[in-house]
Amino acid sequence: MLSSGCVTVYQPLVSLQRPVVVDPRIANFEGQRMLVRCIPGDYLQPDDAEQLCRNVRALFTNQGAQVEVEVPRAGTSARDEQGGAKADLIIDLKARLVHEENSALLWTLSGLTFTLIPAITEFTFAQEVTIRDASGFQLASDTLQGRFVRYCGVGLWAVNSALDLLVRSEAEELTGDAPNKDFSRDFHGQLSQLAFNARMRSWVLRGFEESPRAQERLPSK
């Protein structure tokens, strides 16, 4: 009952709030081969890492790239080190928890007042992104940080649901999956921009020489 009466607020922090130029809806990486590695840890469990990799694969596949994904496990070798075709870009994603707050006192007060006083939980996470070329040279890196604050209270949820229905635009809604959509928009935009910057840097370092796959697509003169 309490989970159904919660309002979640997403707050972009470090790097997630920056403007981006790249449009993730167009073919920015046509013909590029990518390897996306989602590294499990204390904050990112293997199942969640696989879900993250599937999400990122869909992001770059929609932009024209050929994407392979990997969730490294202890004792296993990285896919790009096992032979076979090399990736043009290798994207490593590693998440960690920066801060978490969940007050037992607020939950107690919320229960005693029948959620008239909302219980508040929040957590701040960091997504570390590193992009390398086929030789392992680092082309780009960044840390994206965001915060989710969850207010649980039937009264608060009812008021915000009414405002979402009657007053707020779709982009301003606080209930439903609006926070997830906002985060996905920021995360996909920043990740696409980082990958595009890495691709351009790799191109410059190669003296503006196209990759063999790109050359194969060029019309013969």
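Residues numbered from 1 in each chain as written. Predicted model: local features only at pLDDT ≥ 70, side-chain atom pairs only at ≥ 80, totals over all residues. Heavy atoms only, no water.

Notes on the state of the cysteines
For step 1, the next point in the chain: Enumeration over the complete set of coordinates arrives at 2 disulfides.
For step 2, the next point in the chain: A sulfur-sulfur separation of 2.0 Å characterises the disulfide bridge that pairs C6 with C152. Residues C6 and C152 are joined by a disulfide whose S-S torsion is about 100 degrees; by sign, that bridge is right-handed. Of the two residues, C6 sits in strand β1 (residues 6-12) while C152 sits in strand β6 (residues 138-152), which places them 146 residues apart along the sequence.
For step 3, the next point in the chain: Across the disulfide from C38 sits C53; the S-S distance is 2.2 Å. Between C38 and C53, the S-S dihedral sits near 115 degrees, and the bridge is therefore right-handed. Here C53 lies in helix α1 (residues 46-61) and C38 lies in strand β2 (residues 33-39), a separation of 15 residues in the sequence. C53 carries the same exposure label as C38, and that label is buried.
For step 4, the next point in the chain: Each disulfide of the protein joins two cysteines, and with those cysteines numbered along the sequence the arrangement is 1-4, 2-3. (Disulfide = S-S within 2.5 Å. Helix = DSSP H or I, 4+ residues; strand = E, 2+ residues; numbered from the N terminus. Buried < 20%, exposed > 50% of the residue type's maximum accessible area, 1.4 Å probe, protein only.)

What about the environment of L106?
For step 1, the next point in the chain: As for its placement among the helices and strands, L106 is situated in helix α2 (residues 104-112).
For step 2, the next point in the chain: A C-alpha to C-alpha distance of 5.1 Å links L106 and A119, two positions 13 residues apart in sequence.
For step 3, the next point in the chain: Those residues in contact with L106, other than ones at most four positions away along the chain, are P118, A119 and I120. (Contact = heavy atoms within 4.5 Å.)

Some points on the packing of aromatic side chains
For step 1, the next point in the chain: On inspection of all chains with the given rule, the structure shows 9 aromatic pairs.
For step 2, the next point in the chain: Grouping aromatic residues by their ring pairs yields a cluster made of Y10, F123, F125, F148, F183 and F187. (Phe/Tyr/Trp six-rings, centres within 6.5 Å; stacked < 30°, edge-to-face > 60°.)

A closer look at the environment of L93
For step 1, the next point in the chain: Considering the arrangement of structural elements, one finds L93 in strand β4 (residues 89-102).
For step 2, the next point in the chain: Along the backbone, L93 and T130 are 37 residues apart, and their C-alpha atoms lie at a distance of 6.8 Å.
For step 3, the next point in the chain: Those residues within four positions of L93 in sequence are excluded, and the remaining contacts are V36, R37, C38, I39, L52, V56, Q127, E128, V129 and L191.

Some details on α2
For step 1, the next point in the chain: Two or three places before L105, at the opening of α2, S103 has a side-chain oxygen 3.3 Å from that residue's backbone nitrogen.
For step 2, the next point in the chain: Once α2 ends, the next one or two residues include F114, with phi positive near 55 degrees. (Polar contact = N/O pair within 3.5 Å; in protein donor to acceptor, adjacent residues only side chain to side chain.)

Points about unusual backbone geometry
For step 1, the next point in the chain: Phi is positive for S15, which is not a glycine, with a value near 75 degrees.
For step 2, the next point in the chain: Summarising the element assignment, S15 is placed in the loop between β1 and β2.

Considering the side chain of D133
For step 1, the next point in the chain: Examined against the element boundaries, D133 turns out to sit in the loop between β5 (119-132) and β6.
For step 2, the next point in the chain: For D133, a relative accessible area of 15% corresponds to the buried category.
For step 3, the next point in the chain: Polar side-chain contacts of D133 include one of 2.8 Å to the backbone nitrogen of F137.
For step 4, the next point in the chain: Beyond its immediate stretch of four places on either side in the chain, D133 contacts A87, D88, I90 and L139.

Points about the pattern of salt bridges
For step 1, the next point in the chain: Summed over the entire model, instances satisfying the criterion amount to 9 salt bridges.
For step 2, the next point in the chain: R33 is paired through a salt bridge with E68; the nearest N and O atoms lie 3.5 Å apart. Within this pair, whereas R33 is found in strand β2, its partner E68 is found in strand β3 (residues 66-70), the two being separated by 35 residues in sequence.
For step 3, the next point in the chain: For E122, the salt bridge identified is with R147, shortest N-O distance 3.6 Å. With E122 in strand β5 and R147 in strand β6, this residue pair connects regions lying 25 residues apart in the sequence.
For step 4, the next point in the chain: Within the structure, one salt-bridge network assembled from shared partners comprises R37, D92 and R132. (Salt bridge = Lys/Arg side-chain N within 4 Å of Asp/Glu carboxyl O.)

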